[in-house]
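# Structural features, examined
Okay, here's what each chain looks like letter by letter:
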Amino acid sequence: ERRRGSYQMSIKIQDTKNARLWLTFIMTLCLGFFVTNSVHETQTVSAQAVLHQGTSSGVTWEIFSDGLLQFRPTNGVRGTMLSTTSTRPWYDYRDKVTRVNFQNGVVAGSYLTRMFYNMNNIKTINFGNFNTSNVLNMNSMFNGASSLTSLDLRSFNTSKVTNMTYMFNNASSL
């Protein structure tokens with residue numbers, strides 16, 4: 001009996017060896033599907049060449065030839081960025097950056113001051129994995145980021161932030 005919307009698949013397997021091979025094959029397909037989908041949803045990875053890179057304490061930043069500025073934990077698990085008050089080594093390459101992504105495990109330092117200051121070619125920033133629970137100051141964070149048309153800041157934890165002055169100053173497309 002077959003019900004509408006219900007499908008059955010039957011594979012006749014003659015011996016145990018073939019059964020194990022089929023089971024391994026099917027599990028690999030399923031696992032590959034789930035791993036690929038979960039990584040795709042939460043991580044942005046560029047297949048392009050790395051143009052510039054460096055580290056900020058426990059976080060590595062990379063600028064790829066397709067315009068992606070990626071932040072990731074240097075040890076692959078968790079890393080805290082230096083405050084951006086005076087240290088923004090990616091700023092020298094700001095004209096090449098069109099989008100930004102934070103991989104899981106990146107933790108902000110206490111100051112995100114001018115983090116994207118005058119980076120006027122950035123169109124998108126994925127903050128989904130960026131831990132901002134330690135941040136005290138976001139002064140001028142997006143000041144001059146004139147190509148940004150929207151920001152999803154729902155993942156921001158601003159419970160300790162005391163300064164947001166000029167945070168969106170001259171971000172004229174927001």
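In what follows, the accompanying structure is described. (Residues numbered from 1 in each chain as written. Predicted model: local features only at pLDDT ≥ 70, side-chain atom pairs only at ≥ 80, totals over all residues. Heavy atoms only, no water.)

Moving on: the sheet that holds strand E8 (residues 130-131). The three strands lie next to each other as E4-E6-E8, forming an open sheet whose pairing is parallel. Every other strand in the sheet has two partners, leaving strand E4 (79-80) and E8 as the edge strands with one partner each. Bridge count for E4 against strand E6 (residues 106-107) is two bridges, and the pairing is parallel. Within E6, the position partnered with Thr80 by the bridge is Val107. (Pairing = 2+ DSSP bridges. Helix = DSSP H or I, 4+ residues; strand = E, 2+ residues; numbered from the N terminus.)

This brings us to the nonpolar core. Among the nonpolar cores identified, the biggest contains 29 residues, and Phe71, Phe102, Met115, Phe116 and Met141 are the most heavily contacted of them. Elements with a contribution of two residues or more to this core: strand E2 (59-64), strand E3 (68-73) and strand E5 (99-102). Counting residues per element, this core draws most heavily on E2, at three residues. Excluding residues within four positions of it along the chain, Phe116 makes contact with Val100, Phe102, Ile122, Ile125, Phe127, Met141, Phe142, Asn143 and Ala145. (Core = buried A, V, L, I, M, F, W, Y, C linked by side-chain atoms within 4.5 Å. Buried < 20%, exposed > 50% of the residue type's maximum accessible area, 1.4 Å probe, protein only. Contact = heavy atoms within 4.5 Å.)

Another aspect to go through is the pattern of salt bridges. Counted by the stated rule, this structure contains three salt bridges. Glu62 is the partner of Arg72 in a salt bridge, and the nearest nitrogen-oxygen pair spans 3.2 Å. Here Arg72, found in strand E3, pairs with Glu62, found in strand E2; they are ten residues apart in sequence, far enough to count as distant. A relative accessible area of 9% places Glu62 in the buried class. Here Arg99 ties to Asp66 by a salt bridge, and the two come within 2.7 Å at their closest N and O atoms. One end of the pair, Arg99, is in strand E5; the other, Asp66, is in the loop between E2 and E3, with 33 residues separating them in the sequence. (Salt bridge = Lys/Arg side-chain N within 4 Å of Asp/Glu carboxyl O.)

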